[in-house]
Amino acid sequence: MRAVLVGVDFGKLDFVSSLEELALLSKTAGAQPVASVTGKRSSPDAALFVGSGKADEVLDTINDLEAEVAIFNHALSPAQQRNLERHLKVRVVDRTSLILDIFAQRAQSHEGKVQVELAQLQHLATRLIRGWTHLERQKGGIGLRGPGETQLETDRRLIGARVKALRAKLDKLQRQRNTQRRSRERNRTFSVSLVGYTNAGKSTLFNNMTKAGVYAADQLFATLDTTSRRIHLGEYGNVVISDTVGFIRDLPTQLVAAFRATLDETIHADLLLHVVDAASPVRDDQIEQVNAVLQEIGADHVPQVLVWNKIDVAGLEPGIEHDEYDKIRRVFVSAQTGEGIDLLRQAIAGFAQAGGASPGHFPPDDSRLSERSDEIIP
Ligand SMILES: Nc1nc2c(ncn2[C@@H]2O[C@H](COP(=O)(O)OP(=O)(O)OP(=O)(O)O)[C@@H](O)[C@H]2O)c(=O)[nH]1
Ligand SMILES: [Mg+2]
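Starting afresh in each chain, residues are numbered from 1 along the sequence in its written order. To read the labels, note that chains go from A and ligands from 1, taken in the order they are written. Local features in this predicted model are restricted to residues whose pLDDT is 70 or higher, and side-chain atom pairs enter the listing and the counts only when it is 80 or higher, whereas totals over whole chains, interfaces and linings include all residues.

## Remarks on the pairing of strand 1 (residues 2-9)
Both faces of the sheet carry side chains from a regular strand, because those side chains alternate between them.
No. 1: To sort residues by exposure, count the other C-beta atoms lying within 10 Å of each residue's C-beta; 20 or more gives buried, 12 or fewer gives exposed, and values between give partly exposed, all with C-beta atoms placed from the backbone. Numbering of helices and strands runs from the N terminus; a helix is a DSSP stretch of H or I covering at least four residues, while a strand is a stretch of E covering at least two. Summarising burial for strand 1: 6 of the 8 residues are buried, a large majority.
No. 2: Two strands make a pair as long as DSSP finds a minimum of two bridges between them. Direction of pairing for strand 1 relative to strand 2 (residues 32-40): parallel, over a ladder of 8 bridges. Across the sheet, residue R2 finds its bridge partner in strand 2, namely Q32.
No. 3: Whether a crossover is right-handed depends on one test, that the path from the first strand over the helix to the second runs clockwise when the strands point away from the viewer. Handedness of the strand 1-helix 1 (residues 15-28)-strand 2 crossover: right-handed.
No. 4: Where strand 1 and strand 3 (residues 69-72) come together, 4 bridges link them in parallel fashion. Bridged to V6 within strand 3 is F72.

## Description of the environment of N207
No. 1: Along the chain, the position of N207 falls in helix 8 (residues 202-210).
No. 2: Along the sequence, N207 and A335 sit 128 residues apart, while their C-alpha atoms lie 8.5 Å from each other.
No. 3: Those residues in contact with N207 that lie beyond four places of it in its chain are A212, G213, V214 and A216. Residues are treated as contacting if the C-beta atoms built from their backbones sit within 7 Å of each other.

## With respect to the site of ligand 1
No. 1: Proximity of a residue to a molecule or strand is defined by its backbone-placed C-beta atom lying within 6 Å of that partner. Around ligand 1, the structure places 24 residues, and the nearest of them are G201, S203, D218, T223 and G246.
No. 2: Counting residues per element, the ones that place at least two in the shell around ligand 1 are helix 8 and helix 12 (311-314).

## Points about the sheet that holds strand 9 (residues 304-309)
No. 1: Here we have 7 strands laid out as an open sheet, ordered 6-7-5-8-9-11-10, and mixed in their pairing. The sheet is open, and its two borders are formed by strand 6 (227-233) and strand 10 (319-322), each paired with just one other strand. Averaged over neighbouring strand pairs, the angle between their axes works out to 25° when direction is ignored.
No. 2: For strand 10 and strand 11 (residues 328-332), the ladder comprises 4 bridges, and the chain directions are antiparallel. Each residue of the ladder has a partner; that of E321, found in strand 11, is R330.
No. 3: Every axis corresponds to a line fitted to the C-alpha atoms, with the helix fit spanning only the stretch in contact, and the corresponding angles, defined between N-to-C directions, vary from 0 to 180 degrees. Contacting strand 5 (191-196), strand 6, strand 7 (237-243), strand 8 (271-277) and strand 9, helix 8 crosses the sheet at an angle of about 155° to strand 7.

## Re the environment of P78
No. 1: Structurally, P78 can be placed in helix 3 (residues 78-88).
No. 2: With 49 residues separating them in the primary sequence, P78 and R127 have C-alpha atoms 5.4 Å apart.

## Some thoughts on the confidence of the model for the chain
No. 1: Confidence of the predictor at the level of single residues is captured by pLDDT, which takes values from 0 to 100. Here the chain averages 85 in pLDDT, while 87% of its residues score no lower than 70.
No. 2: In this model, residues 130-145 is a region of pLDDT below 50 whose contacts with residues beyond four sequence positions or in other chains number 15 contacts.
No. 3: In this model, residues 361-378 is a region of pLDDT below 50 whose contacts with residues beyond four sequence positions or in other chains number 24 contacts.

## Here's the deal with the pairing of strand 11
No. 1: Judged from the 3 bridges that link them, strand 9 and strand 11 form a sheet pairing that is parallel. The residue of strand 11 that forms the bridge with W308 is F332.
No. 2: Linking strand 10 to strand 11, which pair antiparallel, is a turn of 5 residues; within it D326 sits at a positive phi near 70°.

## Structural notes on the sheet that holds strand 1
No. 1: Strand order in this open sheet of 4 strands is 2-1-3-4, and the pairing throughout is parallel. Because the sheet does not close on itself, it has two edges, and the strands there are strand 2 and strand 4 (91-93). Each adjacent strand pair in this sheet contributes to an overall mean axis angle of 25°, direction not counted.
No. 2: Pairing of strand 3 with strand 4 involves 3 bridges; the strand directions are parallel. Bridge pairing in strand 4 links A70 to V92.
No. 3: With respect to the sheet, helix 1 is in contact with strand 1, strand 2 and strand 3, its orientation differing from that of strand 1 by roughly 160°.
No. 4: Where helix 2 (residues 52-65) meets the sheet, it contacts strand 1, strand 2 and strand 3, and its direction lies at approximately 160° from that of strand 2.

Take a look at the structure:
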């Protein structure tokens, strides 16, 4: 599906990289970006988000290149989306819907699917009021009238009921997770969670350290589900390490809320390994974005080590950097070549020792954790 990308520069530093990211997101969702239209504004236009002149430019581009969809690099209000669809006569997708769409395509586990559906329905519910009839009417002409008020009310009621059912399902899954985690906490196994911007190399690092073989790829949001494994750190003993979904700037709030269960592993970890793509020109910006999401989910109090990954591309040497209090601040590694991983393992063991968790001796009743390090902990 040919897509025209639209981005408005509000004077933020990350404008260019965020637009490049939109192109990647669009491709990941299955669209083919054929052009981008950009403009500068101090604030969004209430009716069309972009000004009417810019909207005409978008329309011309769509017509010239025979595009079928316009993808906006922003969150649009329901009214703006409706007005834009009227004006442009194609489907208008905003950044939130785009990310939701990718998550919907990617979700593998039962829990992941439930979480994504919940987020999508909540997003849809705010948009239902307007009805979806304006496009059909333009295409179909006379006689194709939209659903009346009663139909809308039915739809809303159905969505409400489905949302309730999904929430109940998630609650149940979350309770199961809590039980598992509490049993782990009782055994005081030190737990480490990988966090970071999408595509930073979390899953590759996880695979390197666990030999687990989870899916890692040069894609945004390759991972949606949390996978935990036990690893053995020499003299210290065992710790549990978890790989999870990556973050992105302006992560839709509905998604963060819906993924709370998945992210619980992160919130309750003893140590966060914040994986950074050291070869990215916007790595500092990405670090900030990740910290913002960590704050939003309430994980900003968890001790954090920055893992500067991809040093093979960035041209850096493996190493450990300490702060003025001799605390480990950064570890430089390549998850791909394995350089620096031994230092990272040392760093984790050091934190675990200082954190006071007992080196995991797993009691026989902990059936989730097998003796083998490559066993999945659900
Ligand atoms: N050159 C190099 N490439 C790496 C390194 N670590 C990861 N990659 C590549 O970076 C891409 C993303 O890796 P992933 O491990 O899937 O990244 P992720 O952080 O899990 O990404 P999401 O799950 O999508 O959030 C893949 O193509 C990896 O091969 C590294 O140290 N060096
Ligand atoms: Mg991953």
